[in-house]
Amino acid sequence: MKKYWIIGSSSGIGKELAKKLDAKGHNLILSSRNEEKLNHLNNELINNHEIIPLDLSDKNQCLKISKDIIDKEIDSLSIVFMSATYSPDDTTDYENVINVNILGLLHILSITKEFLINTNGLSQLIICSSLVAYKGLPYSQPYSMTKAALYNLASSLHVELKGIVDVKVITPGFVKTPLTDKNSFPMPLIISADSAASIIAKGMGSKKFEISFPLPMYVAMKYLQILPNFISNYICSVIKKNTG
């Protein structure tokens, strides 16, 4: 039996993705820090799914829960890492941002990586990064840094495990979620979490490595990445001046 373990499924894109996968009849494990919201989501779904509360900032909990999951009778496992924390106005929260956005996943992979490699069916590792991984932008450095790290991690594992584990990375632009609701600056081409989940659900079944959207934002960030630094940095400074 195949399972989808959605880490960060109590709100935002992760919640909407859980609805899409549930509608397709997949077996889910729903995880996030907020057990009450997970129970509420499970009640909304067509099928009943396993709920496992998880605090990504707690290393021991990450290790124990990962071990418990791989000890189950599972033919293959899709780990979908959607969790993120973000504090745009709090420069002191960097440790929590790093713990939740990066270290929690590394703790999980320290237990599950070998299992994913050796499952009977093809397992997946799907990591949600961001288009900010392409270019460092002003403000929210801890968040942007973690998203760049996640992209690098996914890219590395995709090459290392090619043909053994299906590793993909998600690079969204602005999506309306409780995280982006914290922003006070313009967010061009912002889309709904439901639309984002539809794109991701389709991309999960494809052969491509990167699931990126929306296309205009992807192209713009790619250009900033490949342009000489003195040009891309100037463009970013102009944008900062006009929006700040």
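Thresholds, definitions, all that
Residues numbered from 1 in each chain as written. Predicted model: local features only at pLDDT ≥ 70, side-chain atom pairs only at ≥ 80, totals over all residues. Heavy atoms only, no water. Helix = DSSP H or I, 4+ residues; strand = E, 2+ residues; numbered from the N terminus. Rg over C-alpha atoms; globule rule 2.2 N^0.38 Å. Buried < 20%, exposed > 50% of the residue type's maximum accessible area, 1.4 Å probe, protein only. Polar contact = N/O pair within 3.5 Å; in protein donor to acceptor, adjacent residues only side chain to side chain. Expected span 1.5 Å × (residues − 1). Arc of directions from axis to C-beta. Contact = heavy atoms within 4.5 Å. Pairing = 2+ DSSP bridges. Axes fitted to C-alpha atoms, helices over the stretch in contact; angles between N-to-C directions.

## Considering the overall build of the protein chain
And step 1. When helices and strands are counted, the protein chain shows 8 helices and 9 strands.
And step 2. For a compact globule of 244 residues, the expected C-alpha radius of gyration is about 18 Å, and the protein chain comes in at 18 Å, within 12% of that figure.
And step 3. Considering only C-alpha atoms, the protein chain reaches an extent of 55 × 40 × 35 Å along its principal axes.
And step 4. Counting the 244 residues in the protein chain, one finds 46% classified as buried.

## Brief notes about unusual backbone geometry
And step 1. Cis peptide bonds are those with omega within 30 degrees of zero, and the linkage from Phe213 to Pro214 qualifies with -10 degrees.
And step 2. Relative to the helices and strands, Pro214 is located in the loop between strand E9 (210–213) and helix H7 (215–226).
And step 3. The phi dihedral of Leu189 is positive, around 60 degrees, even though this residue is not glycine.
And step 4. Along the chain, Leu189 falls in the loop between strand E7 (175–176) and strand E8 (191–192).

## What to know about the side chain of Ser123
And step 1. When you line up the elements, Ser123 lands in strand E5 (residues 123–128).
And step 2. In this structure the side chain of Ser123 is engaged in a polar contact, spanning 2.8 Å, whose partner is the side chain of Thr119.

## Brief notes about helix H5 (residues 141–160)
Given 3.6 residues to a turn, an α-helix orients residues that are three or four positions apart in the same direction.
And step 1. With 20 residues, H5 should cover 28 Å at 1.5 Å per step; its first-to-last C-alpha distance of 28 Å lies within 8% of that length.
And step 2. Along H5, the positions that sit buried rather than exposed are Tyr143, Ser144, Thr146, Lys147, Leu150, Tyr151, Ala154, Leu157 and His158. For H5, the arc enclosing every buried residue in end-on projection is 160 degrees, short of the 170-degree limit, so these residues lie on one face. Of the exposed residues in H5, the ones pointing more than 90 degrees away from its buried face are Asn152 and Val159.
And step 3. Contacts from the buried residues of H5 go to strand E4 (76–81), helix H4 (94–118), E5, strand E6 (165–172) and E9.

## Here's the deal with the sheet that holds strand E2 (residues 27–31)
And step 1. The parallel open sheet is built from 7 strands, whose spatial order is E3-E2-E1-E4-E5-E6-E9. Of all the strands in the sheet, just strand E3 (50–51) and E9 have a single pairing partner and so form its edges.
And step 2. Bridging between E2 and E3 involves 2 bridges; their strand directions are parallel. Opposite Ile29, over in E3, you have Glu50 as the bridge partner.
And step 3. In the packing of helix H2 (residues 35–44) onto the sheet, the strands contacted are E2 and E3, and the crossing angle to E2 comes to about 155 degrees.

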